[in-house]
Protein chains: 2
Amino acid sequence: MRPSAPDNPQSDLRYRDAGVDIDAGNEAVRRIKSLVAQTRRPEQLDGLGGFAGMIGLPGGLAEPVLVSCTDGVGTKLLVAIATDQHATVGIDLVAMCVNDLLVTGARPLFLLDYIACGELEPGRVETLVAGIVEGCKLSGCALLGGETAELPGMYNKGHYDLAAFAVGVVDRKRILAPERTQAGDVVIGLPSSGLHSNGYSLARKALLDPAYGGLDFNSPLPGADTSVAEALLTPTRIYADAMARACETLGEALHGAAHITGGGLLENPQRSISEDLAVALDLRPVERQPIFHAIAAQGVPEDEMLRTFNCGLGMLLYVDRNHCEQALTCLRNAGESPLVVGDLRARGNANDPQILLTSG
Amino acid sequence: MRPSAPDNPQSDLRYRDAGVDIDAGNEAVRRIKSLVAQTRRPEQLDGLGGFAGMIGLPGGLAEPVLVSCTDGVGTKLLVAIATDQHATVGIDLVAMCVNDLLVTGARPLFLLDYIACGELEPGRVETLVAGIVEGCKLSGCALLGGETAELPGMYNKGHYDLAAFAVGVVDRKRILAPERTQAGDVVIGLPSSGLHSNGYSLARKALLDPAYGGLDFNSPLPGADTSVAEALLTPTRIYADAMARACETLGEALHGAAHITGGGLLENPQRSISEDLAVALDLRPVERQPIFHAIAAQGVPEDEMLRTFNCGLGMLLYVDRNHCEQALTCLRNAGESPLVVGDLRARGNANDPQILLTSG
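In this report, the structure presented in the accompanying data block is examined.

### Brief notes about the pattern of salt bridges
And then number 1: Following the criterion strictly, the structure yields 49 salt bridges over all chains and no others.
And then number 2: Salt-bridge contacts for D282 of chain A lead to R284 of chain A; the nearest nitrogen and oxygen are separated by 2.9 Å.
And then number 3: Here D282 of chain A falls in the partly exposed class, since its relative accessible area comes to 25%.
And then number 4: When the shortest N-O distance is used, the salt bridge between R288 of chain B and E302 of chain B registers 2.8 Å. With R288 of chain B in the loop between β9 (277-282) and α9 (290-296) and E302 of chain B in helix α10 (residues 302-308), the pair connects residues that are 14 residues apart, well separated along the chain.

In structure tokens form, the structure reads like this:
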């Protein structure tokens, strides 16, 4: 060990010398304060010490059940980093958590974010949090807390990771439990906005790798009037308003829902249906955005497309057949363009597949 | 764009080719399933679809308030990675979140984890989750969900990051709000187990950098009978049992608590007291573990030690002076070695400091 020299100010070793800039952290906190305040919910409690966020439950719930999930944005962040466009990945972050919540029948209540970076840039943090705040507003949830961690040596310069945790609440008797789904239910699909935040390692390889598409971020995307970067960074659609209206309007006629997230259309639709049912989807009326065609054109087989991407459908609703028109109307009123894409069917035996896809 | 060749299996481009191994992900999920089940709480709801975790509220709360916080382990992970010792950083992760919860008077209810890595190794994930499960058991919280993200290109080989998010619940009238604290309250300190999970960038620089301590992980730590690695990886102490007993035994005589986390003893004690009070701490009876002395010996000034590290105290309790002995007994019964380290004092005016430290 080097001899101690605490009295020699030249030899002072401080936290900043180790790559952690507390002033930058405080500056980031200052910048995001007014943004975060925009997400305030009436149930929040303030002034109770700064160690944790506090919030009461919304009124009118007979038996409140908390619903919680966590997700990140994945390697979509590498696109944001490479193009220096950080304004919307916060929306993606919120969307990936909140869409998982919604399919249980819950309403989002609050969210916390975790931002980790190698070097804390207050302006960057502000931009990221502005996107998170935008996502929280679209979801109706309070940004109740967060952590911004400066971790020199763990992230390369300019790199960062994002994670979020969302909590919603649902009355126990209103949970969209799998046993609600029934043979004959109609499957209504809500279009995605594009890739959302899944499959970016494959998408980037297909589009950008010189051995495959070899495109640049600024190249026009084939078949589209946007650049590759714009298509890749399109924010994930948040279905909070659509699901809130569907739950309210349809009541018990809404039997279930599925978020088409990692695992794509092959692995998600059957996650929220009864064991004795199968989902039959006819994808032919679903319009896939140009980015899906551009990826497939690089030799990604259809089964891999379906297992990796949402292929144009971000959310499925399972609805009592007699309420199909009512559902379509209410979803259109929420700004969606719903499509009937299939139905639920009795499964002959436990070895039969739970998912049956007809694609173009 | 390369011409499409979807009928040629040689040219198939699959997710695995892009560095994402779904089989490894499924294997990790299989391995951790029985571990996670060990944290089950009676309020949990199962079999309700796989998109989100669900849990009811504990009974007996007149007006439940949810308390939530998020944190990571910071660059303590670089020590775990460099020494290939991953068994206890999960405890740190839980501790950093749960100790923040506890100081509000809340009991932990559930936790979710986020594990991100460049290459998913199922055995590594299992080890990390085993630590998280251990931390959850020590805290009494259910591990309600999590995300394991394989993000090639975002993390260097062998590197990973951890974040967690904890939710607790407290009856509104039992919240340890700052206005409960009073001049004359005694400050009881609970010893830390070492560095906990703060200040590792500075600690590593001081101990390991050839320009400073120049020690190896396997070197004996000066003044201790452990190696540098053992001292650095000592798990963060979780104060869940101590705080639960203190809340129960002391009732309204427990006025507040502070978790000595990032910002150390200079910035945390005053975070949960009334504006018109100051915390006066006499640190002379506090025994600092050898690692603190080894760091200070490299030229880290005392003010920087106090602003960065817990310096031997992981948690402070603010207690009605007439209940001091009762508090000490109840904390000893919870396995702690409590110390009286100061008191709360009236602050003359708003410009007077809120923290007064006497150190050795």
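### Quick word on the packing of aromatic side chains
And then number 1: The full count for this structure, using the stated rule, is five aromatic pairs over all chains.
And then number 2: The interplanar angle of 65 degrees and the centroid separation of 6.2 Å between the aromatic rings of F292 of chain A and F309 of chain A together place this pair among those described as edge-to-face. Of the two residues, F292 of chain A is situated in helix α9 (residues 290-296) and F309 of chain A in the loop between α10 (302-308) and β10 (313-319); the sequence distance between them amounts to 17 residues. Taken individually, F292 of chain A and F309 of chain A each receive the classification buried, so the pair is uniform in this respect.
And then number 3: Grouped by ring-pair contacts, the aromatic residues F110 and F165 of chain A together with F165 of chain B constitute a single cluster.
And then number 4: In this arrangement the basic side chain of R271 of chain B is found over the ring face of F51 of chain A, its NZ or CZ atom lying 4.0 Å from the centre.

### Things to note about helix α3 (residues 89-102) of chain B
And then number 1: Here α3 of chain B is 14 residues long and its end C-alpha atoms lie 20 Å apart, about the 20 Å a rise of 1.5 Å per residue gives.
And then number 2: Among the 14 residues that make up α3 of chain B, 14 are buried, leaving the element largely enclosed by the rest of the structure.

### Some words on the packing of α3 of chain B against helix α4 (residues 122-139) of chain B
Residues and elements named next belong to chain B.
And then number 1: For the pair α3 and α4, the least separation of the axes is 6 Å and the interaxial angle reads 40 degrees. Considered as vectors, α3 and α4 are oriented oblique to each other. Handedness of the crossing formed by α3 with α4: right-handed. Where α3 approaches α4, its residues V89, G90, I91, L93, V94 and V98 are matched on the opposing element by L128, G131, I132, E134, G135, C136 and S139.
And then number 2: Of the residues that constitute the contact of α3 with α4, the class distribution is eight nonpolar, four polar and one charged.

So, how was this worked out
- All residue numbers refer to positions counted from 1 along the written sequence of the respective chain.
- All chains are assigned letters beginning with A, and all ligands numbers beginning with 1, in the order in which they are written.
- A pLDDT threshold of at least 70 governs which residues receive local features in this predicted model, and a stricter bar of 80 or more applies before side-chain atom pairs are shown or counted, although totals over entire chains, interfaces and linings include all residues.
- Excluded from the side-chain calculation are hydrogens and water; included are all heavy atoms of the structure.
- Basic side-chain nitrogens of Lys or Arg form a salt bridge, by our definition, when they fall within 4 Å of a carboxyl oxygen of Asp or Glu.
- Buried residues are those whose accessible area, probed at 1.4 Å on protein chains only, stays under 20% of the maximum for their type, while exposed residues exceed 50% and partly exposed ones sit between those limits.
- Numbering of helices and strands starts at the N terminus; helices are DSSP runs of H or I of at least 4 residues and strands are runs of E of at least 2.
- Side-chain rings of Phe, Tyr and Trp, where Trp is taken by its six-membered ring, are said to pair if the distance between their centres is within 6.5 Å; with planes under 30 degrees apart they count as stacked, over 60 as edge-to-face, and otherwise as tilted.
- We call a charge positioned over a ring when the NZ of a Lys or the CZ of an Arg lies within 6 Å of the ring centre and within 35 degrees of the ring normal.
- Here a helix's expected span is defined as the number of its residues, less one, multiplied by 1.5 Å.
- Axes here refer to lines fitted to C-alpha atoms; in helices the fit is confined to the stretch in contact. Angles between the N-to-C directions go from 0 to 180 degrees.
- We call two directions roughly parallel when the angle between them is under 35 degrees, roughly antiparallel when it is over 145, roughly perpendicular when it lies between 65 and 115, and oblique otherwise.
- Each crossing gets its handedness from the near helix: less than a right angle anticlockwise from the far helix is left-handed, clockwise is right-handed.
- Every residue pair with non-hydrogen atoms within 4.5 Å of one another is taken to be in contact.
- Note on residue categories: nonpolar means Ala, Val, Leu, Ile, Met, Phe, Trp, Tyr, Cys or Pro, charged means Asp, Glu, Lys or Arg, and polar means any other residue, Gly included.

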